[in-house]
Every structure is written in structure tokens, then in C-alpha cells.
Amino acid sequence: MSKLNKNYLSVTFLIMLIGWGICLLCSFNGTSLNDNKWLYVPYLLGGWSPTIASYVSLRSNNQVADMKEWLKHIFDLKHNIFSYCMVVIMAVIFILPQCFISGYESGAPVFAIIFMIPMMLIGGGLEEAGWRYILQPELEKKYSFTISTMIVSIIWWLWHLPLFYIQGVVQHGQNYVAFGISILGLSFALASIRKNTNSVWLCVLFHCIENSLSGIYIINNNIWGNITATIILIVCSYALVTINNRTKIFNK
């Protein structure tokens, strides 16, 4: 593993363990986020750990000169319509099979996605400033696309683990294995977006859309929905990478 990845992962997990560790200790003592709103401070700190670690590790390794350059690399908005369509279609492809197979409950109204996507920048989207800006491409310098993506998915899955034991968060009490299967599919989707477009921003956007859709369509617990959606997403990811290798449609 490269020095940059080692630095990045060390800082990410250190910040996560501090932030979510505080929340865990409170949960074990019977205090949830709903009982004490101040717990949202360490909770958000843990959630922002990949983003904070991205800037810290890139800056310390002389990969970016300052915050302005870092933000410029993340918010590279200029891409063709095919790239943006790919992001939206893949997000929908992931949620639909789960709706049909597992069933769902209605959450926020569909039109709320307009407001939810910007909100999800701080609610998960900016994680991609680390996972897909640093970790994925650095791994691909040494390993294949497939192996790199599987490594990222495992690390990303493990990073989420404390959330399943923190009272008052969405993941609390849910099926961690089913979540891991979904993480695998999402990792392939995000890796293909990064590979096809060389864009961090489009990965951020995909993450924001996916989180928003999860708030609109609240999927019932059924592992078969996760498995089906993940298989479809992995197949689509490989297909899109193959198509782009031949046509460069997402690079134009």
C-alpha cells in the first residue's frame, strides 16, 4: 500500500474512532443521539473523517498546495451529458430492484430530492473526497480494477461498523451483512464512474443521489433485494468500463 493510502487510512480511522467512539460509549450507557443533541458533534466528526483525512493526507504528501486546489479537484463539474446520465441511471438501477424485491415504505416526497441532494454533500457525499479521490486510484496503481474495488469495499464496510451499534442513527440494528453486500455493489458503481470519467465530483454526486433515494424509498429488510441490486450494478459497471474503453464516450 502506498504511503499516501497509509496516511489517509490512518487519519480516517483515527478521527472516526474518536468521533463514533464517543457516541458508542454513550450508547452503551443508554444515551442515544435522540436524547442528547450534542452527540451530533462527534457523530458528524466521525462521518466527515474520510473528507478531513483527504485534505490532511494530500496536503502533507504535497499532492495539493492548499484548500482551494483540493476543492478544485473535488468539484470538477465540467463533464458531458453522457457522464451525468450514467450517474443518474446507475443510482436508479441500484434502488429499483430493491423496491420490487424487498418492498419499501414511502419516506420523503419524490420532489424533495431537489433539496436532499445538496444536503447529502455533508451527509455522505463528500466521503468520496477520500475513498474515490485517494484510496481507489492509489490501489489501482498496484492492483487490478476488480481487486482494488473489492479492497475498497471491505474497508468502506468496516468503517461503517460502529454506526450499527450507535442508538439513534439510521443504521442502528440493521443487517450488517446485507449492508456489506450493498456496499460491494456501490463500490463497483463508484469505481467505474471514477475510472470512466476520472472525476471525483461525479462520485460525490452519485453518493448524494443514492443517499437521497434511500430517504425517499425506505427499503424493507430483505437480503435478496441487496444481492440482486448488487449483481445488476456490478454487471453494469463492467459493461460501462468496457464500453468507455472502446468509445471514450464519457471522456468527450
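Look above for the structure.
Residue positions are counted from 1 within each chain, in the order its sequence is given. Given that this is a predicted model, residues contribute local features only at a pLDDT of at least 70 and side-chain atom pairs are listed and counted only at 80 or more, while totals for whole chains, interfaces and linings are drawn from all residues. Neither water nor hydrogens contribute to the side-chain values; these are computed over all heavy atoms in the structure.

Let us look at the overall build of the chain. From N to C terminus, the chain includes 11 helices and 2 strands. Secondary structure follows DSSP: runs of H or I at least 4 residues long count as helices, runs of E at least 2 residues long count as strands, and numbering of each begins at the N terminus. Going from the N terminus to the C terminus, the chain shows its helices and strands as α-α-α-α-α-β-α-α-α-α-α-β-α. Using C-alpha atoms as the atom set, the radius of gyration is obtained and then compared with a globule rule of 2.2 Å times the number of residues to the power 0.38. A compact globule built from 252 residues should have a C-alpha radius of gyration of about 18 Å, and the chain, at 18 Å, falls within 12% of that. The principal-axis extent of the C-alpha atoms belonging to the chain is close to 55 × 45 × 30 Å. Partly exposed residues are those whose accessible area sits between 20% and 50% of the maximum for their type, while under 20% is buried and over 50% is exposed, using a 1.4 Å probe and protein chains only. Taken across its 252 residues, the chain has 48% of its residues classed as buried. Within the chain, residue pairs in contact and separated by at least 24 positions form 80% of the contacts whose partners lie at least 6 positions apart. In what follows, residue pairs with any heavy atoms lying within 4.5 Å of each other are defined as contacts.

With that settled, consider helix H1 (residues 3-28). To estimate how far a helix should reach, multiply one less than its number of residues by 1.5 Å. Between the first and last C-alpha of H1 there are 36 Å, a value that for 26 residues agrees with the 38 Å anticipated at 1.5 Å per step. Within H1, the axis deviates most sharply at Gly21, by approximately 30 degrees. Immediately downstream of H1, the backbone of Gly30 shows phi near 90 degrees, a positive value. Throughout, bend refers to the angle between the axes fitted to the seven residues that end at a position and the seven residues that start at it.

The next thing to look at is the environment of Leu44. Locating Leu44 in the fold gives a position in helix H2 (residues 40-47). Look at Leu44 and you get partly exposed, because its relative accessible area is 33%. Measuring from C-alpha to C-alpha, the distance between Leu44 and Gly19 comes to 7.5 Å, with 25 residues separating the pair along the chain.

Looking now at the pattern of salt bridges. By definition here, a salt bridge exists when the distance from a side-chain nitrogen of Lys or Arg to a carboxyl oxygen of Asp or Glu is within 4 Å. This model, assessed by the stated rule, comprises 3 salt bridges. Of the charged contacts in the structure, one is a salt bridge between Glu138 and Lys141, with a shortest N-O distance of 2.7 Å. Residue Glu138 is classed as buried on the basis of its relative accessible area of 16%. With a relative accessible area of 65%, Lys141 lands in the exposed category. Among the salt bridges present, the one from Lys195 reaches Glu140, with a minimum N-O distance of 3.3 Å. In this pair, Lys195 is assigned in helix H9 (residues 176-197) and Glu140 in helix H7 (residues 128-140), connecting sequence segments 55 residues apart. According to the relative accessible area criterion, Lys195 is partly exposed, its value standing at 40%.

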